[in-house]
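Structure at a glance
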There are 2 protein chains.
Amino acid sequence: MKVQYTRSILAMAFFCALAATTTVAQSADPLPSWNDGKSKQSILSFVSKVTKEGSSEFVPPAERIATFDNDGTLWAEQPLYFQLLFGIDRIKELAPQHPEWKDKEPFKSVLAGDLKAAFAGGINSLVEIVGAGNTNITPDEFDQIVKKWAATATHPKTGRLYTEMVYQPMIEVLAYLRANGFKTYITSGGGADFMRAFAERVYGIPPEQVIGSVGEVKFEIRDGTPMLIRQPILGFFDDNVFKPVAIQRNIGRRPIAAFGNSDGDLQMLQWTCAGSGTRFCLYVRHTDGEREWSYDVTPLGRLEKGLEEAKAHGWTVVDMKNEWKVIYPFEKK
Amino acid sequence: MKVQYTRSILAMAFFCALAATTTVAQSADPLPSWNDGKSKQSILSFVSKVTKEGSSEFVPPAERIATFDNDGTLWAEQPLYFQLLFGIDRIKELAPQHPEWKDKEPFKSVLAGDLKAAFAGGINSLVEIVGAGNTNITPDEFDQIVKKWAATATHPKTGRLYTEMVYQPMIEVLAYLRANGFKTYITSGGGADFMRAFAERVYGIPPEQVIGSVGEVKFEIRDGTPMLIRQPILGFFDDNVFKPVAIQRNIGRRPIAAFGNSDGDLQMLQWTCAGSGTRFCLYVRHTDGEREWSYDVTPLGRLEKGLEEAKAHGWTVVDMKNEWKVIYPFEKK
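Residues numbered from 1 in each chain as written. Chains lettered and ligands numbered in written order. Predicted model: local features only at pLDDT ≥ 70, side-chain atom pairs only at ≥ 80, totals over all residues. Heavy atoms only, no water.

Right, let's get into the overall build of chain A. A count of helical and extended segments in chain A gives 13 helices and eight strands. A compact globule built from 333 residues would reach a C-alpha radius of gyration of about 20 Å, and chain A, at 22 Å, matches this within 12%. Each principal axis of the C-alpha atoms in chain A carries an extent, and together these give about 85 × 55 × 40 Å. The buried share among the 333 residues of chain A stands at 53%. On chain A, the mean spot of the 38 positive side-chain charges and the mean spot of the 40 negative ones are 5 Å from each other. (Helix = DSSP H or I, 4+ residues; strand = E, 2+ residues; numbered from the N terminus. Rg over C-alpha atoms; globule rule 2.2 N^0.38 Å. Buried < 20%, exposed > 50% of the residue type's maximum accessible area, 1.4 Å probe, protein only. Lys, Arg positive; Asp, Glu negative; His and termini not counted. Charge placed at Lys NZ, Arg CZ, Asp CG, Glu CD.)

Following this line, the structure appears as structure tokens:
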């Protein structure tokens, strides 16, 4: 009986240890959609270093913060940021109830299909386009509007749902980091509440780990009910120098890894990699004109200074065409 | 052999289930510093309802968000908010390097010990007092300054470290909620980076779950090093109508439980308890003039409208004197 008992204890210990580690040891290769190469190796090497207990490069789990830009880093951003396409879809949908839009910019140009004219007003036009029909409502109502759009609207080139146009290799990086004790955050110029409507489902990132641009909201009591109401005012634009500012404000500590695809992410990467200890900065570079798009510079964003800095500091630059086996999850067979 | 095997499996299942629940079943009484009474019962009843699987009141763990005011709710706030006492300590410490303060308000009055005059300028004076010597430095440098102060400065009445003057019954509520799958947040008018310097150690709340007022920070590259620099400008004042706004901005979902002690917390409680499903709102009322302080109204804050609302909506109001066995952890024998 004694031997039997000991065997049971050992079996239990083994069984429980197995249960506890299954999330970590999901697969022999945690990044199966990445070709073996410099970028994949740099990610594996970084994670291996900071998670090795007893090593001088070890980072405690609580400090394993990784921040990701969204547009162009976690999902596609062509021919326009998807939130702008959402705004345009919504303007078309609501136009019958807004006859005044026919004579008012930027709506007039959006409805006429002249996007160049629609965007002529710069950031103010963009705010009006993404705000149209989405203000003077509660965050919950907005969440439902975005969820409905995400479930039905399709991309003009691929015909796919927008949330299908996320990058499979980056989804693997997110999961791999989390399996290694990282907390993964989005830090994007896109609207925080817009991204929150799908970030948990498609990226496994909960609302409280989504940092983005914010429209003002106002506390009001309407007919005796306390509520928040979305205002047509840009409260914070989470881009370039403001990305590290928003990270300090919301997270309160410096990430040890940061991922972006444009000069708008540069300051986030600079601040992240200027911290002490082992750090990781990565740029996704859009080099695949066939499966995705090939560009460094577009009217809305550019990757120029970032490439110089990446070279100077030895950051990872991903060549999508040559380093990614698949771009989107739907390519997987 | 077959029976033996089945027994082992059962033993394993039992053993693992036990291992998984030990954190929940820490103690027969999760709130030992609370006298049995209405408030304690209301907390236990709420948690029991929202964690009961299959019940119509069940709330999934991801939505179990609880927000806590800090000053007067998690730690004492008399004779002044502790961050103001920190600011005053710092002004006295740095005065020799700032001869100009002798002729400049609010520093002049602070150094003369005339706090009424020092605070005459309202919120602007407060910002100057808590900002003195704490701007034009990095968040990391500020963190070190606060940590040093918290480790050495003592309260004028009790002679205790400020971080010893936290409320033991509320520490138990925080731990009890977390053991039941809640994510606990601070949402305070105090400075976010000030509270982050000790919140994890004393409350078990990590920096990314601390929401508070923020001074502006600016991204700069100084001598080739990218860094954030604290500015002498109030960026956001996290009080009254702005508390729910900050919660939406940082967390992106409505809490299901909120805890405060003043009318400055009212809108947070109103918004929290106006949500659908089972909700919990609690006011800590300062009724113990002997062990703590007895007050509803002070020059800096008041609990008046909140009491009316609590009565109207059946929120919990804690009578510190009669419901708390101990106030501070150091009273425990």
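Counted under the stated rule, the structure contains 34 salt bridges over all chains. Arg90(B) is the salt-bridge partner of Glu93(B), the closest N and O atoms lying 3.6 Å from each other. With Glu93(B) and Arg90(B) both in helix α3 (residues 82-94), this residue pair falls three residues apart, about one helical turn. In this structure, a network of salt bridges that share partners links the residues Asp29(A), Asp36(A) and Lys40(A). (Salt bridge = Lys/Arg side-chain N within 4 Å of Asp/Glu carboxyl O.)

Facing 40 residues of chain A, the contacting portion of chain B comprises 40 residues. Counting the surface lost from both chain A and chain B, the interface buries some 3,600 Å², and carbon and sulfur atoms represent 58% of this. Asp140(B) serves as the salt-bridge partner of Arg254(A), at 3.9 Å between the closest nitrogen and oxygen. Summed over the shared surface of chain A and chain B, the result is twelve residue pairs in polar contact (both at pLDDT 80 or more). At the level of secondary structure, the elements contributing two or more residues to the side of chain A that touches chain B comprise α1 (2-21), α7 (139-152), β2 (183-191), α9 (192-203), β3 (210-222), β4 (225-236), α10 (242-250) and α11 (266-273) of chain A. A total of six residues in the side of chain A that touches chain B trace back to one element, the largest contributor, which is α1(A). Looking at the side of chain A that touches chain B, its residues break down into 22 nonpolar, nine polar and nine charged. (Contact = heavy atoms within 4.5 Å. Buried area = accessible area lost by both parts, 1.4 Å probe. Polar contact = N/O pair within 3.5 Å; in protein donor to acceptor, adjacent residues only side chain to side chain. Nonpolar A, V, L, I, M, F, W, Y, C, P; charged D, E, K, R; others polar.)

So, about the relation of the copies chain A and chain B. In the superposition of chain A on chain B (RMSD 0.0 Å, axial shift 0.0 Å), the rotation amounts to 180 degrees. The two molecules are tied by a two-fold rotation axis, judged by turn and shift. Of the residues that chain A buries at the interface, 100% are likewise interface residues in chain B, meaning the two copies contact each other through the same surface. (Least-squares fit on C-alpha atoms with pLDDT ≥ 70 in both.)

This part is about the environment of Ser262(A). Residues and elements named next belong to chain A. Counting through the fold element by element, serine 262 comes out in the loop between β5 (257-260) and α11. In sequence terms serine 262 and phenylalanine 194 are 68 residues apart; their C-alpha atoms lie 21 Å from each other. Filtering out sequence-adjacent residues up to four positions away, serine 262 remains in contact with Tyr283, Arg302 and Leu303. In this structure the side chain of serine 262 is engaged in a polar contact, spanning 3.0 Å, whose partner is the backbone nitrogen of glycine 264.

All right, on to the nonpolar core then. Phe68(B), Met170(B), Phe194(B), Tyr203(B), Phe259(B) and Trp324(B) are the most contacted members of the largest nonpolar core, which has 70 residues in total. Formed by 68 residues, the second largest nonpolar core is a distinct cluster that contains Ala76(A), Leu94(A), Phe119(A) and Met320(A). (Core = buried A, V, L, I, M, F, W, Y, C linked by side-chain atoms within 4.5 Å.)

Residue and element names in this part refer to chain A. Each neighbour pair has its own omega, and for glutamine 78 with proline 79 the value is 0 degrees, a cis peptide bond. Counting through the fold element by element, proline 79 comes out in the loop between β1 (65-68) and α3 (82-94). Despite not being glycine, asparagine 136 has its phi angle at roughly 60 degrees, a positive value. Positive phi outside glycine occurs at aspartate 223, with the angle close to 50 degrees. Structurally, the position occupied by aspartate 223 is in the loop between β3 and β4.

Here we come to a nonpolar patch on the surface. Together, Ile123(A), Leu234(A) and Phe237(A) give the surface a local cluster of nonpolar side chains, amounting to about 230 Å² of exposed area. Among the secondary structure elements, Leu234(A) is positioned in strand β4. (Patch = residues over 30% accessible without salt bridge, like charges linked within 9 Å, V, L, I, M, F, W, Y side chains within 5 Å. Areas by Shrake-Rupley, 256 points an atom, 1.4 Å probe, with all protein chains shown as cover.)

Time to look at the pairing of β3(A). Residue and element names in this part refer to chain A. As defined by bridge partners, β2 adjoins β3 across three bridges and the pair is classed as parallel. Bridged to threonine 187 within β3 is isoleucine 211. Here eight bridges tie β3 to β4, and the two strands are oriented antiparallel to one another. The residue of β4 that forms the bridge with glutamate 220 is methionine 227. Between β3 and β4, which pair antiparallel one after the other, the connecting turn spans two residues, and aspartate 223 there sits at a positive phi close to 50 degrees. (Pairing = 2+ DSSP bridges.)

Residue and element names in this part refer to chain A. Scored by pLDDT, chain A has a mean of 92; 92% of the residues are at 70 or more. Confidence drops under a pLDDT of 50 for residues 1-26, and excluding neighbours within four residues, the segment shows twelve contacts in the predicted structure. The ipTM assigned to the predicted complex is 0.90, against a pTM of 0.91. (pLDDT = per-residue confidence, 0-100.)

Before going further, it helps to examine the environment of Phe237(B). All names here are of chain B. Secondary-structure assignment places phenylalanine 237 in the loop between β4 (225-236) and α10 (242-250). For phenylalanine 237 and serine 213, which are 24 residues apart along the polypeptide, the C-alpha to C-alpha distance reads 4.6 Å. Residues in contact with phenylalanine 237, not counting those within four places in the same chain, are Ile123, Gly189, Ser213 and Phe242.

This next bit is on the pairing of strand β5 (residues 257-260) of chain B. The side chains of a regular strand alternate, residue by residue, between the two faces of the sheet. All names here are of chain B. Along β5, one buried face is formed by Ala257 and Phe259 and the opposite face, lined by Ala258 and Gly260, is buried too. Summarising the sheet, strand β1 (residues 65-68) and β5 pair through three bridges and their orientation is parallel. Within β5, the residue paired with threonine 67 across the bridge is alanine 258. Two elements, β5 and strand β6 (residues 280-287), share four bridges in a ladder whose sense is parallel. Looking across to β6, one finds that phenylalanine 259 is bridged to leucine 282.

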